[in-house]
Each structure stands twice: as C-alpha cells, then as structure tokens.
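# Residue-level structural notes
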Amino acid sequence: MNPTALMIMLLSLAIGTTMTLMSHHWLLAWIGLEINTLAIIPLMTKTPHPRAIEAATKYFLTQASASALILFSATMNAWKTGEWSITLLSDPYTITLSMALMMKLGLAPLHFWLPEVIQGIPLSTGLILSTWQKIAPMTLLLQISHLTDLKLLITMGLTSILIGGWGGINQTQLRKVMAFSSIGHLGWMVLILKFNPQLTLFNFLLYITMTAAMFFSLMSISSTKISEISSSWPKSPILVTTTMLVLLSLAGLPPLTGFSPKLLIILELAKQNTLLLASVTMLASLLALFFYLRLTYVMILTLPPHIPPSSTHWRTTKNSPLTATMTTLALLIFPLSPTFLLII
C-alpha cells in the first residue's frame, strides 16, 4: 500500500477512536465508530485476494448493522428523554445499545463474523482489528455499564467463554485461534462488567497487551498455521520460546500476566456471593486452556520437518524492539497488578 494512503488510514483510525473516547453525545460517538469502520476496510483489502474482499464485505455488513442499531436506538432514546447524553438512557434502549456494542466487539452469540474476518486478512490488520478496533465499543460499554441488565451480561459473558474455548479446539489456523481467544477474553470482561467496571478496564488493557504481543510474534516468524510453527524453531528458538510463553499467558497460567485478571475476576465473583457462576466460569475456561496447551505442544515438542541443511535458514528472523517490549509486558506484569489497579 502507498505509504501516504497507509498514513491517512492509520490517522483516521486514531481520530475515530479519539472522537468516541472524548464524546458525551451519542451522535459524536456514532460518527467516531463509523470513521473507524471505514478506515480499516482499505487496510483489509490491501492484498487483492478474494478472501480479503470477502472478509472486508462481512466486516462492513456486520459493523453497518450494529451502527444502524446504535443510531436508531440513540435517536429513539433522545426522542423519549430529550437528551443525547451517553449516560442518560431509558429502559428499552439500553438493551439494544448494549447488544449493538457487543456485536461490534464480537461477543457470542453475535460472534460469527469475527473468526471469518480475521482469517481472511493479513496479520498486521488482524492485530488492529483485535486490539485498537475494540477500544471505542468497549469504552461506550463501560460508560453504560451501570444501566445494563445483569442477566444479559452474565449470559453473554458465559456464552462467549464457552464459544471461545470450544471454537478454538479444532482449529489449525492461528488467526482463527486468536479470534476465538479474543471472544473468550471479552467474555471474561463482560462477565464482571456490572460488578466491577474498573476490573473490566484492567482486564481489557492486559488483553490488548497480550494479544498484541502474540500477533507481533506471529508476524516476526511469518506463521499463520500450526504446522508452520513447528518449522520455526531452527530460525529463532528464543522467539518461538517467548511465543509459547505468551500463549501460556493468554491461557491464564501463573505466574504470567494473564493469570492476574482471571484471579481477580474469580475473587470478585466470590466476593459477590456468586460462587456457582465463578465455578462455571473456571470450568468453561478449561476448554481454552486445552487449545493453548495444544499449540504450545506443537511449538516445542513436535519435530520439525526434514529439510536439507542447505535450505535451512538458521536464525534469520529479525526481532523488533516493539515485539520484545510487548512480549516482556505480556509475561511480567503480574507482580505489578496491584499498582495498575490502584492507578485505574
């Protein structure tokens, strides 16, 4: 893609998200979401492949439907209450706005577009879609969390955790694995949203850190399939090892970064006397743990294919400082969790 066009698209993404973050008005927030949607579509189709065009079309139709629902609900709410304020919602429109924002995030059962879209686009665009594009809808959801129905959030959260774990088990494509991982993590955030919004924000920041680290690692070793990871060990053993640790962090194993939000969410659920919900959540997370461990097994214990020594590229992978920084944060934030929670 032309560097000037790329810069314009990235700047538009930044402007759209910033506009939504700064707005107290539903119409301005909707405009920011629309700018975000339109800015990422050229990035999806920068590789002129039928899969990329299909992914961009699915993404546009889904996001346009959610945006139409947001605009319609906000307009009807303004008609009823006389105000466009984000935090002033009347009862019937809170649910429709929440569902529209969850559709934009890709929460189950409104998740069907997310794995297909991420599978059809490059890793760099998948990184933006999995991290930056979720900031604006999640911020709006946090602002209306005190008005949202608790049963709806618990249902969507548990469904997302189950679908995120179940859907990722049988996948061989790493981008689809990351898509189902995203659905599962968003389920944890929505589950605790009503009880403790600050904990949802903390979980969201760590999710962005770990997901970005994983995508940067996959971009460095140029792998999009599980079978390609096993042949990456001779190229860069250190990078493959850190990628394995980031996967374990996404799974939530101690003492890595990903253990922190899961521990705090379970403790918060126990504090709210919802022990059954906490138990079901922990059992559902075992599905996701299985496919993370499966990926780790493939990366470390599977023998690489038989390649003649003359054609083996020995440690030619270049590690960028950004990849190293994000990987370090994705692995070592756990001891600093109390400090981050105090800041939030």
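An unreviewed UniProt entry annotates the chain as NADH-ubiquinone oxidoreductase chain 2 of Nanorana sichuanensis. As its UniProt record puts it under Subcellular location (unreviewed entry), the chain is described as follows: "Mitochondrion inner membrane". In the Function (unreviewed entry) part of its UniProt record, the chain is described as follows: "Core subunit of the mitochondrial membrane respiratory chain NADH dehydrogenase (Complex I) which catalyzes electron transfer from NADH through the respiratory chain, using ubiquinone as an electron acceptor. Essential for the catalytic activity and assembly of complex I."

To continue, consider unusual backbone geometry. In this structure, P109 follows A108 across a cis peptide bond, with omega equal to 5°. With respect to the helices, strands and loops of the structure, P109 is situated in the loop between α4 (91-105) and α5 (113-120). A cis amide bond links P254 to the next residue, P255, at an omega of 5°. Relative to the assigned elements, P255 resides in the loop between α12 (237-251) and α13 (259-271). Even without a glycine there, the phi angle at S222 is positive, about 55°.

This part is about the packing of helix α10 (residues 197-221) against α12. The geometry of α10 relative to α12 is characterised by a closest axis approach of 10 Å and an angle of 150° between their N-to-C directions. Relative to α12, the element α10 lies roughly antiparallel. Our pair here, α10 against α12, has a crossing hand that is left-handed. Counting all contacts with α10, which are made through M210, T211, A213, M214, S217, S220 and I221, the residues of α12 involved are L239, T243, V246, L247, S249 and L250. Of the residues belonging to the contact of α10 with α12, the class tally is 8 nonpolar, 5 polar and no charged.

Another aspect to go through is empty space enclosed by the protein. Under the definition given, this model contains 2 cavities of 30 Å³ or more. Counted as a void, the largest cavity has a volume near 110 Å³. As for the largest cavity, its lining consists of 15 residues, of which G184, W188, K262, A288 and Y292 are closest to the centre. Those elements giving two or more residues to the lining of the largest cavity turn out to be α8 (150-169), α9 (174-192), α12 and α14 (275-301). For the lining of the largest cavity, the element with the most residues is α9, which contributes 5 residues.

A few words on the packing of α10 against helix α15 (residues 321-332). For the pair α10 and α15, interaxial distance at closest approach is 8 Å and the crossing angle is 140°. Overall, the two elements α10 and α15 adopt an arrangement that is oblique. Handedness of the α10/α15 crossing: left-handed. Across the interface between the two elements, T209, M210, A212, A213, F216, S217 and S220 from α10 touch L322, T323, M326, T327, L329 and A330 from α15. Its residues assigned to classes, the contact of α10 with α15 shows 8 nonpolar, 5 polar and no charged.

One finds M214, L218, L269 and Y292 to be the most contacted residues of the largest nonpolar core, which totals 50 residues. If you tally residues by element for this core, the top one is α10, at 11 residues. Apart from the residues lying within four places of it in its own chain, the contact partners of Y292 are S181, H185, L247, L250 and A251.

Before going further, it helps to spend a moment on the side chain of T94. Looking at where T94 falls in the secondary structure, it is placed in helix α4. Once you skip the residues sitting within four places of it in the chain, T94 turns out to touch L89, L147 and T148.

Moving on: helix α1 (residues 3-22). With 20 residues, α1 should cover 28 Å at 1.5 Å per step; its first-to-last C-alpha distance of 28 Å lies within 8% of that length. The complete set of buried residues in α1 reads L13, G16, T17 and T20. The arc enclosing the buried residues of α1, seen along the axis, measures out at 90°, which places them on a common side. Turned more than 90 degrees from where α1 packs its buried face, P3, M7, L11 and M22 sit exposed. Put simply, N2 is the residue that caps the front of α1, since its side-chain oxygen is 3.0 Å from the backbone nitrogen of T4.

Within the secondary structure, G120 is located in helix α5. On the basis of relative accessibility, which here comes to 11%, the residue G120 falls in the buried class. On a C-alpha basis, the gap between G120 and L283 in space is 31 Å, while along the polypeptide they are 163 residues apart.

The rules behind the values
- Residues numbered from 1 in each chain as written.
- Predicted model: local features only at pLDDT ≥ 70, side-chain atom pairs only at ≥ 80, totals over all residues.
- Heavy atoms only, no water.
- UniProt positions renumbered as here; feature names shortened; annotations may be inferred.
- Helix = DSSP H or I, 4+ residues; strand = E, 2+ residues; numbered from the N terminus.
- Axes fitted to C-alpha atoms, helices over the stretch in contact; angles between N-to-C directions.
- Parallel < 35°, antiparallel > 145°, perpendicular 65-115°, else oblique.
- Left-handed = near helix turned anticlockwise from the far one by under 90°.
- Contact = heavy atoms within 4.5 Å.
- Nonpolar A, V, L, I, M, F, W, Y, C, P; charged D, E, K, R; others polar.
- 1 Å grid on protein atoms, 1.4 Å probe; cavity = no way out; pocket = protein on both sides within 12 Å on 5 of 7 lines; lining within 4 Å.
- Points joined across faces, edges and corners; volume = space filled by probe spheres on them.
- Core = buried A, V, L, I, M, F, W, Y, C linked by side-chain atoms within 4.5 Å.
- Buried < 20%, exposed > 50% of the residue type's maximum accessible area, 1.4 Å probe, protein only.
- Expected span 1.5 Å × (residues − 1).
- Arc of directions from axis to C-beta.
- Polar contact = N/O pair within 3.5 Å; in protein donor to acceptor, adjacent residues only side chain to side chain.

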